[in-house]
Amino acid sequence: MTATAPGKIILVGEHAVVYGRPAIAAPVWQCVATATIRAAAPGAGCTLHAQDTGQQLRLDEGSVEEPLLLVARLALAQLGLDRPDWQIDLHSDIPMASGLGSGAALSTALVRAIFRQAGSEVDPATLSALVYESERFYHGTPSGIDNTVVAYGQPIWFVKDAAFQPVHPGCALTLVIADSGVRSPTKETVGDVRTAWLRDPARYEAIFDAIGETVVQARLAMERGDLPGLGVLLDANQGWLEELAVSSVLLRRLIDVARAAGALGAKLSGGGRGGNVIALVEPAAVDPVCAALRAAGAARVLVTQIE
Ligand code: MEV
């Protein structure tokens, strides 16, 4: 039995979303995680092989601190299954620690495959709740946006602890996604922002408010199909992310290169300090923006559409 799950981008609002402000995210189907389950010999137990990291994990051993084991155990408990004889293979072409939601996608594909192997389909709300538990290990204090967008597989307006809303762009958004090649665990940037916020709550709350207002405006621009307006708001969001000290010289260079090559706006996406930048482009600017980002050293460039 095989199941897949997409990567994701945060269009606007990362970090501030951890503090109750809204954010907009969308799935990225150009890169996916895949889980495949096969029956193993009777008595063999359940083994999980994460092909990309070379990890070989047994469900009945190991620390509960391992997020994939944790989520697999939770899914099996939900199904009332105890230690089935299964060989689970996990693979992802979403780079790890790159802001594209690799952890959420792996856990989502895994839970989906476990339910399918047991003869049922998991509903997205249950799926998202189970994956959230693994996100807590990847992220520390996650807002819940990654598990929600990946489990539901549609563009969302998200506020922590509230029901998400689907968002519908007035016209298709074309985004170029460029990987800086620098791995940066979200847990670290989220932790650093928290430390800074604890030291100076007034300053950081004001930045989160400004990001929240940018997200409100971005949704309006998106829904009216105002691409130049949305581009300006992506640039503004990047400015606030720099104030939060989660950008980097390299990310900034990629953003500048994308803008110079014709992007309407660009910003980092996800935890920051490394990982990916996203650039909003008109269809005619896709090729020059991709070429400029590659020439500037981007490790990988993808093009996706939000519709
Ligand atoms: C990570 O994709 C987005 C962050 O806002 C963290 C979170 O919301 O949990 C940086």
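Scroll up a little and you will see the structure.
Below is a short write-up of the structure. Since the structure is predicted, the reported quantities are computational estimates derived from the model, not experimental observations.

Conventions we followed
- Residues numbered from 1 in each chain as written.
- Predicted model: local features only at pLDDT ≥ 70, side-chain atom pairs only at ≥ 80, totals over all residues.
- Heavy atoms only, no water.
- Phe/Tyr/Trp six-rings, centres within 6.5 Å; stacked < 30°, edge-to-face > 60°.
- Helix = DSSP H or I, 4+ residues; strand = E, 2+ residues; numbered from the N terminus.
- Buried < 20%, exposed > 50% of the residue type's maximum accessible area, 1.4 Å probe, protein only.
- Pairing = 2+ DSSP bridges.
- Axes fitted to C-alpha atoms, helices over the stretch in contact; angles between N-to-C directions.

### Digging into the packing of aromatic side chains
Item 1. The full count for this structure, using the stated rule, is 3 aromatic pairs.
Item 2. Both rings, one in Y19 and one in F208, keep their centres 4.3 Å apart while their planes meet at 15°; by these two values the pair is stacked. Taken together, the residues span a long stretch of sequence, with Y19 in the loop between β1 (2-12) and β2 (23-39) and F208 in helix α6 (residues 201-224) at a distance of 189 residues.
Item 3. You can call Y19 buried: its relative accessible area is 12%.
Item 4. Residue F208 is classed as buried on the basis of its relative accessible area of 0%.
Item 5. One aromatic cluster is present, formed by Y19, W197 and F208 through successive ring pairs.

### Regarding the sheet that holds strand β9 (residues 265-269)
Item 1. With antiparallel pairing, the 4 strands of this open sheet are ordered in space as β9-β10-β8-β11. Edge positions in the open sheet fall to β9 and β11 (300-306), since each of these has one partner strand only. Between one strand axis and the next, the sheet turns by 25° as a mean value, whatever way the strands run.
Item 2. Where β9 and strand β10 (residues 276-281) come together, 5 bridges link them in antiparallel fashion. When the sheet's bridge partners are listed, L268 is paired in β10 with V277.

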